[in-house]
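Take a look at the letters that make up each chain.
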Amino acid sequence: MSTGAPELLQEAGSAPAAESEAAAIAARSPLQLFWRRLRKDRVALVALGFIVLLIFVAIFAPLIVKLAGARPPNEQSTKYFDQFGSPSGPGSGKILGVDDLGRDVFSRVLYGARISLEVAFIATALIVVIGVTLGMIAGYYRGYVDTVLSRAMDVMLAFPVLLLALGLGAACSFGKGCIPVNYDKVGTLMTTFAVLGMAISVLVLVISNRRAASKGTADALEGRDYFLRVLPWAALLFVGLIAKLIFPNSTPGIITPGLPVVIFVISFAGWPYMARIIRGQVLSIREKEFVEAARSLGASDSRILFRHILPNLIAPIIVYTTLLIPTNILFEAALSFLGIGVQPPTASWGSMISDATGIFDTAWWFMTFPGLALLLTVLSFNLIGDGLQDALNPRTSQ
């Protein structure tokens, strides 16, 4: 005979159901939990759909322009001007109107999406690679390494970014650009250095493994350790082969007019922010118990960095990357607006807005549509960043 309260008996009877529910939750992978939180954020999903559509439009811009019956983006024509010689607005044969040179605004907006996304993705990838690498090195090794890298970040952050971009852009936007390099010789040097580095790294690992085996210790290295040690040299070898095979016997500047100037300026100005964020995260993670356990078991620094610390940096890297992309899009638009970005006649949202400043009072469509495209793109990336931050946060209530 039980003396317990009925509600207690009911709770006790529901224990198997609670255990099965907990087991179902525990069985989900981190990716499944992430998607479960993200799909509840309808705003982020709508923004993600817009970005996917924008990427699709940018990739197939020539086909879309042809199917829409619009003219190529750089084709000029005076027959779309009105009787006063001013550009005409949206209508038949000109979906979004024409600009002051008679070019189709619809085509130029679509091709402008190509430039904005290309610059944003390439510059963001460079910022992430440089910032994550230097941030991990500074945060993990600390000491004089951290001091040197941190002071370099402070110096970079002390520069007025826009003035720095103006100076670099103006200096490298003419002639053959800045910093002339013979790619053939540089590729050969990088390839040779990478092969020697790989050989020395493998030799050191083999010797260390044989010593550990002869002493009977448990410090024998696995194949993954060899891979992690050789991976940086393999990346250097890949870059050297590209420089040697794709750019043979050519000596233009590294920073050439057009997109290379914009990408270099954005990457040069943006990497310290990523590096400081990663450095702060690594300083915290390196003191965790699992890192101390790995270090006590004799794990190498590269193994700790790539196998234990880097996986815990994925969430902040993803979130900050989604916030970097809209910033870089605005940066590219600002440089093109000031005339030192993408060079004419290439279509760019920033240059289109700049060209429209003199006639926006009579040709509202010339500034409205590229400005609206820029606004929606930046807003969508920011909303995606907020959604990813909530979905990757394990403390979220969603």
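Above: the structure in question.
Residues numbered from 1 in each chain as written. Predicted model: local features only at pLDDT ≥ 70, side-chain atom pairs only at ≥ 80, totals over all residues. Heavy atoms only, no water.

Chemist: Any chance you could explain a nonpolar patch on the surface here in plain terms?
Modeler: A contiguous nonpolar patch, built from Leu53, Phe56, Ile59, Phe60, Leu63 and Leu67 and spanning about 620 Å² of accessible area, is present on the exposed surface. Of all the secondary structure elements, the ones that give two or more residues to the nonpolar patch are helix H4 (42-59) and helix H5 (61-67). The leading source of residues in the nonpolar patch is H4, at three residues. If you trace the backbone, Ile59 turns up in helix H4. (Patch = residues over 30% accessible without salt bridge, like charges linked within 9 Å, V, L, I, M, F, W, Y side chains within 5 Å. Areas by Shrake-Rupley, 256 points an atom, 1.4 Å probe, with all protein chains shown as cover. Salt bridge = Lys/Arg side-chain N within 4 Å of Asp/Glu carboxyl O. Helix = DSSP H or I, 4+ residues; strand = E, 2+ residues; numbered from the N terminus.)

Chemist: Help me out: how do you make sense of unusual backbone geometry in this one?
Modeler: Backbone geometry follows two general trends: most residues other than glycine have a negative phi, and most peptide bonds adopt the trans configuration. Unlike most non-glycine residues, Arg142 shows phi in positive territory, near 50°. Along the chain, the position of Arg142 falls in the loop between helix H6 (105-141) and helix H7 (143-158).

Chemist: For this particular structure, what's the right way to read the pattern of salt bridges?
Modeler: Pairing is possible between side chains that carry opposite charge, provided their charged atoms lie close to one another. Counted by the stated rule, this structure contains seven salt bridges. Measuring nitrogen to oxygen at the nearest pair gives 2.8 Å for the salt bridge that ties Asp154 to Arg276. Of the two residues, Asp154 is situated in helix H7 and Arg276 in helix H11 (residues 259-285); the sequence distance between them amounts to 122 residues. Under the relative-accessibility criterion, Asp154 is labelled partly exposed at 29%. Between Arg286 and Glu287 there is a salt bridge, with its nearest N and O atoms 2.8 Å apart. What emerges from the salt-bridge pattern is a single network uniting Arg142, Arg286 and Glu287. (Buried < 20%, exposed > 50% of the residue type's maximum accessible area, 1.4 Å probe, protein only.)

Chemist: Looking at this model, I keep getting lost on the environment of Met198. Mind explaining?
Modeler: Residue position: Met198 is located in helix H9 (residues 183-215). With relative accessibility at 23%, the residue Met198 sits in the partly exposed group. For the pair formed by Met198 and Trp233, sequence separation is 35 residues and the distance between their alpha carbons is 5.8 Å. Not counting chain neighbours up to four residues away, the residues in contact with Met198 comprise Val230, Trp233, Ala234 and Leu237. (Contact = heavy atoms within 4.5 Å.)

Chemist: Sorry if this is basic, but what is going on with the side chain of Thr321 here?
Modeler: Here Thr321 lies in helix H14 (residues 314-337). If sequence neighbours within four positions are ignored, Thr321 has contacts with Thr124, Val128 and Met274.

Chemist: Help me understand the packing of H14 against helix H16 (residues 364-392), please; the structure alone is not making it clear to me.
Modeler: When two helices pack together, their arrangement is captured by the angle between the axes and the distance separating the axes. Between H14 and H16, the least distance of the axes is 8 Å, while the angle of their chain directions is 170°. Judged on the interaxial angle alone, H16 and H14 are roughly antiparallel. Contacts from Ala315, Ile318, Val319, Thr322, Leu323, Ile325, Pro326, Ile329, Leu330 and Ala333 in H14 reach Leu374, Thr377, Val378, Phe381, Asn382, Gly385, Leu388, Gln389 and Leu392 in H16. Class assignment for the residues of the contact of H14 with H16 results in 14 nonpolar, five polar and no charged. (Axes fitted to C-alpha atoms, helices over the stretch in contact; angles between N-to-C directions. Parallel < 35°, antiparallel > 145°, perpendicular 65-115°, else oblique. Nonpolar A, V, L, I, M, F, W, Y, C, P; charged D, E, K, R; others polar.)

Chemist: What should I look at first to understand the side chain of Ser107 in this one?
Modeler: Note that Ser107 resides in helix H6. Overall, Ser107 belongs to the buried group, its relative accessible area being 0%. If sequence neighbours within four positions are ignored, Ser107 has contacts with Val65, Ala70, Arg71, Pro72 and Pro73.

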